[in-house]
Amino acid sequence: MGITPAHFKKCTLTWCAPDYSTSYPAGYTAEGVAVIAVVEESQRANGYCYSASATMTYISREDGTREVISESPNLSTHKHCMLEPCENIHANLLGRAVLEAFEGIPEEYRRNLVTIAADRRQLKTLFRQHESLKTFLEYRAIERVLDPYDNHSLGEVHVRLAGTDAGEQLASYQQLVAETARQMLEAEQQEAPEDQLQDYEVFTDCSFRSTHNKKYTRGGRMGIAGVSEDGFYFHNHYDGVNIMTGELSAMLNAFFVFYNGTRRLVINTDSLGALTFVLRLAHHRRSFERWVSESVQDARVIEVMSRMTEAIRARRVIVKHVPGHTGHGLQESSDSVSKMHRHFPGQVVEKRHIPEFNQRCESIITALSGCTKAVRLPAPEWLYIRPSHVHMGNKLWR
């Protein structure tokens, strides 16, 4: 007699899932395990990284209780130039915070492995650089600590804090470090007195090639680039109409990427047309109002241009003309990077090609400018100038 659906209806489930709530890594005793949780927040702007971190140490026991033994969040802040890799800097800062918190753990909890909960990438870098840490530490991702929906594995349930008072305390630490990092960035962006400003040189350029290929909706391929005096650079590409819109877009991107309140930004360009157009918008109110009233530009572009023209009037931004192709290292670097975007196969550099493209840019910049290292800073794709009728009165534009 075969099996029919009626037989399955009579079956009852007799197997019960095991209780994983008391599962700990091998070697831990009933007294519990010490866990060091490190939360970090970072803000990046103008080639600098501003980071803040807080540490909480607690004892995790098998009955589900979490006892916090650290009295304060042990808040620390750090600022570094992005010419130094953030991965290495943040991993070293994490190591210092962990070792400092380790000293406050009672001796009876050091006999077993102490667990660190922090950013997984930083933890991997830290343990890869310092193999000796594996003798007394293990690590888990910080996401495992506060996520109430995470299906914790056998070796991770002991770091869970969701639904406990310790979890609420760690969540407040996260808000604290986020606010601290934001305040650090705002303090850096505050405008310093004019006599304390330091000149910061940036060279911009644009490369444009008109084409009748229907693939390019606006009539040509255009690449823009900018290189600063210390090796930072940006690049981007657009469907271009004429080279002047590209030169203006490069200057506007340079302001957006490099300007802050502690430096006098000097933007160098080889385009007299773009230079005079920016100065006209800065010093001729009606031209700026007419340019805005045409409703051609993106609202975000108008806001950035308004800030730039205001900074030009306050002499916090200086736009200068530099002759093109005269052998200046930074100017030749920006010209070469913009040409690479124009000649790169396809108008859009695919994501899988970006690392290779950036390596080529960095090789060119270090070879031509004399900088020991080059680092790319992100430039928004929406920040570009559309053609406008205002420029028709500018003879140098035509």
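Our subject is the structure listed above.
Residues numbered from 1 in each chain as written. Predicted model: local features only at pLDDT ≥ 70, side-chain atom pairs only at ≥ 80, totals over all residues. Heavy atoms only, no water.

Undergrad: What is the right way to read unusual backbone geometry from this model?
TA: A positive phi angle is found at S295, which is not glycine, with a value near 55°. In this structure, S295 sits in the loop between helix 8 (285-293) and helix 9 (299-313). Even without being a glycine, R315 presents a positive backbone phi close to 60°. Considering the arrangement of structural elements, one finds R315 in the loop between helix 9 and strand 11 (317-321). (Helix = DSSP H or I, 4+ residues; strand = E, 2+ residues; numbered from the N terminus.)

Undergrad: So what exactly am I meant to see when it comes to the nonpolar core here?
TA: With 46 residues, the main nonpolar core has F255, F258, L265, I267 and M308 as its most contacted residues. At eight residues, helix 6 (residues 243-258) tops the list of elements feeding residues into this core. Counting residues in hydrophobic clusters, the runner-up holds 19 residues, among them I36, I59, I105 and F127. (Core = buried A, V, L, I, M, F, W, Y, C linked by side-chain atoms within 4.5 Å. Buried < 20%, exposed > 50% of the residue type's maximum accessible area, 1.4 Å probe, protein only.)

Undergrad: I tried to follow the packing of helix 7 (residues 272-283) against helix 9 on my own but got confused; where do I start?
TA: In a packed pair of helices, the relevant descriptors are the angle between the two axes and the axis-to-axis distance. Where helix 7 meets helix 9, the axes come as close as 9 Å, and the angle between the chain directions of the two elements is 85°. Taken together, the axes of helix 7 and helix 9 lie roughly perpendicular to each other. Mapping the contact onto sequence places V278, L279, L281, A282 and H283 in helix 7 and M305, M308, T309, I312 and R313 in helix 9. Its residues assigned to classes, the contact of helix 7 with helix 9 comprises seven nonpolar, two polar and one charged. (Axes fitted to C-alpha atoms, helices over the stretch in contact; angles between N-to-C directions. Parallel < 35°, antiparallel > 145°, perpendicular 65-115°, else oblique. Contact = heavy atoms within 4.5 Å. Nonpolar A, V, L, I, M, F, W, Y, C, P; charged D, E, K, R; others polar.)

Undergrad: Sorry if this is basic, but what is going on with the packing of aromatic side chains here?
TA: The way to describe two aromatic rings as a pair is by their centre distance and the angle between their planes. This model, assessed by the stated rule, comprises seven aromatic pairs. Measuring from centroid to centroid gives 5.9 Å for Y200 and F258, while their planes differ by 40°, and the two rings are tilted. Here Y200 is found in strand 7 (residues 198-210), whereas its partner F258 is found in helix 6, with 58 residues between them in sequence. Exposure remark for Y200: the relative accessible area of 6% places this residue in the buried category. The interplanar angle of 20° and the centroid separation of 4.9 Å between the aromatic rings of F255 and Y259 together place this pair among those described as stacked. We note that F255, like Y259, is buried. Through a chain of ring-to-ring contacts, the aromatic side chains of Y200, F234 and F258 assemble into a single cluster. Between K79 and the ring centre of Y48, over which it is positioned, the NZ or CZ distance is 4.7 Å. One residue, R263, lies across the ring of Y200, its end atom 3.9 Å from the ring centre. (Phe/Tyr/Trp six-rings, centres within 6.5 Å; stacked < 30°, edge-to-face > 60°. Lys NZ or Arg CZ within 6 Å of the ring centre and 35° of its normal.)

Undergrad: What's the story with the packing of helix 2 (residues 86-102) against helix 3 (residues 120-129) in this structure? I'm lost.
TA: Packing of helix 2 against helix 3 brings their axes to within 9 Å, and their N-to-C directions diverge by 80°. In terms of axis orientation, helix 2 runs roughly perpendicular to helix 3. Contacts between helix 2 and helix 3 involve E87, N88, H90, A91, N92, L94 and G95 from the former and Q122, L123, T125, L126 and Q129 from the latter. Among the residues making up the contact of helix 2 with helix 3, the classes are represented as four nonpolar, seven polar and one charged.

The analysis is restricted to geometry; functional conclusions fall outside its scope.
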